[in-house]
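# Observations on chain architecture
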Amino acid sequence: MKKIVIEGGTKLRGSIDISGSKNSSLPILAATLLIDEKITLTNVPIVKDILTMINLLETLGKKIKIKKNKLEISSTNKKNYFAKYELVKTMRAGILVIGPLLAKLNQAKVSLPGGCAIGARPVDIHLDILSKVGYENKVLKGYVVSKKKFSKNKVSYLFKKISVGATETAILISCLSNKKVILRNIAIEPEVIDLINFLNQAGANIRFLRKRSLVVNGVKNLKGIEYKIMPDRIEAGTYIVASAITKSPLILNNISIDHLKNIIVVFKKIGLKFKFISNSSLKILPNKLKSIKIKTVPYPGFPTDMQAQLMSLLIFAEGSSEIREDIFENRFLHVLELQRMGAVIEIKNNKAKITGTSLLSGAQVMATDLRASVCLVLAGLVAKGKTTINRIYHLERGYENLVIKLKKCGAKIRIINA
Ligand code: EPZ
């Protein structure tokens, strides 16, 4: 079983190149099912979830060549609308192929992704929008079985809650159609915007009406293009914490400052300072950390995917801080592990109260989900002594070359097989 071992207390130095966004690559990969011509994607992070999505697309009729961080995607004449459980179970984003399969083949059988550590992860809103635009969906033995039922050429849909994935499904089912679909109360995370930019560049007609509403005028077909995936803002935010927690001024390259504004504003409140070198590079200037009270909300608020990383940092802030997790019902699994390292954190419902301390001790800890795992790496970088992190497959799902990137900056971190 692979583990990560970290000797804490080492200062970091130098710079880190940020990879492309996992959560933008996944919906864009699903979108390639809508396009028969050849597509080239660049700046794709080669992480487990991307490889899982590639395997899934190959069973659905795509042929994909991986050349470092470039994917060349072409179509075979195989048309398959069955996304098997074995291929979807480890990656929640498997549900995103249902929209393109229905748009192209008028039917789909896609495994329910199943819950995961951070919550039940229902797909009811995905199914609701599919039924509103004309598809009948049944849930049978762990699969969503959908087929075209009727055609409506104009649909207006209001999301009952903001959902990144359901917004992406709504866009994917509408852009290749003879429909005009108006969507309201949509998610506007940068990853959703990247999907829209990809589709519009391929010939789709998706236009914003207001901040959280857009209209999709379906088109007959989409063309093959070359597209560069946006930088991963959550990976960048994670390394900002690595810099701050070890009090080491690090430079981050290949970032999008614009996508990081909502994260940077919170780090500035905690006391961090930043030197903006260009619109794709910044330097973190660590400082004395102040406590804060914050909640996770949809973009452009503070992202739930940065909650665990922020918590690691707030352990070293003066006074006590409070984080309220308002997106997922069970996203505090990292707290038990941080407590094993000596953190003083109290949980009450969806609120975590973090009492500032000056010392963490290394320990054996368990990774539970992608972001909880990386928060333990961050704590291990600064804890006294050795930290061993088990079940690191969670990390490998979403962070490209994490150990290599940190080692290059001087961290005493390695992967062992034990
Ligand atoms: C995306 O998940 C991201 N994953 C998540 O990142 C991220 O945490 C989340 O958006 C929120 O920003 C990908 O993009 C692959 P949601 P998604 O639909 O789309 C509820 C990571 O670490 N909901 O915005 O699944 C849901 O339970 C991952 O990279 C319904 O009730 O998130 C949650 O409480 C973790 N019914 C809330 O909405 C639905 O049909 C927001 O979920 C769909 C969602």
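Please read all numbers here as calculations on a predicted model, not as lab measurements.

### Quick look at the nonpolar core
Ranked by internal contacts, the top residues of the largest apolar core, which has 74 residues, are Leu41, Met53, Val97, Leu183, Phe198, Leu199 and Leu222. For Phe198, the contacting residues outside a window of four places in its chain are Ile28, Ala31, Thr32, Ile35, Ile39, Leu41, Ile225 and Tyr227. Among the nonpolar cores identified, the runner-up in size contains 72 residues, and Leu12, Leu260, Ile323 and Leu378 belong to it.

### Observations regarding the packing of helix H8 (residues 233–245) against helix H9 (residues 257–270)
At a closest axis distance of 10 Å, the pairing of H8 and H9 adopts a crossing angle of 25°. With respect to each other, H8 and H9 are oriented roughly parallel. H8 and H9 meet at a crossing whose hand is right-handed. Seen from H8, the contacting residues are Arg233, Ala236, Gly237, Ile240 and Val241; seen from H9, they are His259, Leu260, Asn262, Ile263 and Phe267. The residue inventory of the contact of H8 with H9, partitioned by class, reads 6 nonpolar, 3 polar and 1 charged.

### A closer look at the sheet that holds strand S21 (residues 351–355)
As summarised here, the arrangement of the 4 strands in space is S18-S19-S21-S20, forming an open sheet in which the pairing is mixed. The sheet is open, and its two edges are formed by strand S18 (293–296) and strand S20 (344–348), each paired on a single side. When the angles between neighbouring strand axes are averaged without regard to direction, this sheet yields 20°. The strands touched by helix H10 (residues 307–314) within the sheet are S18, strand S19 (320–325), S20 and S21, with S19 carrying the most contacts at an inclination of about 170°.

### Topic: the site of the ligand
Of all residues adjacent to the ligand, which total 21 residues, the nearest are Asp124, Ser163, Gly165, Asp305 and Ile327. In isolation the ligand offers 820 Å² of accessible surface; the protein chains occlude 87% of this area. Every element with two or more residues in the shell around the ligand is listed here: helix H1 (22–31), helix H5 (124–132), helix H6 (164–174) and helix H12 (370–382). In terms of domain composition, the shell around the ligand takes at least three residues from each of domain 1 (2–19 + 231–417) and domain 2 (22–228).

### Structural notes on a positive patch on the surface
Taken together, the side chains of Lys154, Lys180, Arg184 and Arg210 define a basic patch exposed on the protein surface. Examined against the element boundaries, Lys154 turns out to sit in strand S10 (residues 154–158). Classification of Lys154 by relative accessible area gives partly exposed; the value is 48%.

### Some thoughts on the pattern of salt bridges
A full pass over the atoms with the stated rule returns 19 salt bridges. The partner of Glu136 in a salt bridge is Lys138, and the shortest N-O contact between them spans 3.6 Å. Taking relative accessible area as the criterion, Glu136 reaches 23% and is therefore assigned partly exposed. Take Lys138: its relative accessible area is 41%, and that puts it in the partly exposed class.

### Considerations on the side chain of Gln307
The residue Gln307 is located in helix H10 in this model. Among the polar contacts made by the side chain of Gln307, one reaches the main-chain carbonyl oxygen of Arg331 at a distance of 2.8 Å. If we ignore the near neighbours within four places in the chain, the residues touching Gln307 are Thr296, Phe302, Ile323, Glu325, Arg331, Phe332 and His334.

Definitions and cut-offs
Residues numbered from 1 in each chain as written. Predicted model: local features only at pLDDT ≥ 70, side-chain atom pairs only at ≥ 80, totals over all residues. Heavy atoms only, no water. Core = buried A, V, L, I, M, F, W, Y, C linked by side-chain atoms within 4.5 Å. Buried < 20%, exposed > 50% of the residue type's maximum accessible area, 1.4 Å probe, protein only. Contact = heavy atoms within 4.5 Å. Axes fitted to C-alpha atoms, helices over the stretch in contact; angles between N-to-C directions. Helix = DSSP H or I, 4+ residues; strand = E, 2+ residues; numbered from the N terminus. Parallel < 35°, antiparallel > 145°, perpendicular 65-115°, else oblique. Left-handed = near helix turned anticlockwise from the far one by under 90°. Nonpolar A, V, L, I, M, F, W, Y, C, P; charged D, E, K, R; others polar. Pairing = 2+ DSSP bridges. Near = heavy atom within 4 Å. Areas by Shrake-Rupley, 256 points an atom, 1.4 Å probe, with all protein chains shown as cover. Domains from an automatic or database assignment. Patch = residues over 30% accessible without salt bridge, like charges linked within 9 Å, V, L, I, M, F, W, Y side chains within 5 Å. Salt bridge = Lys/Arg side-chain N within 4 Å of Asp/Glu carboxyl O. Lys, Arg positive; Asp, Glu negative; His and termini not counted. Charge placed at Lys NZ, Arg CZ, Asp CG, Glu CD. Polar contact = N/O pair within 3.5 Å; in protein donor to acceptor, adjacent residues only side chain to side chain.

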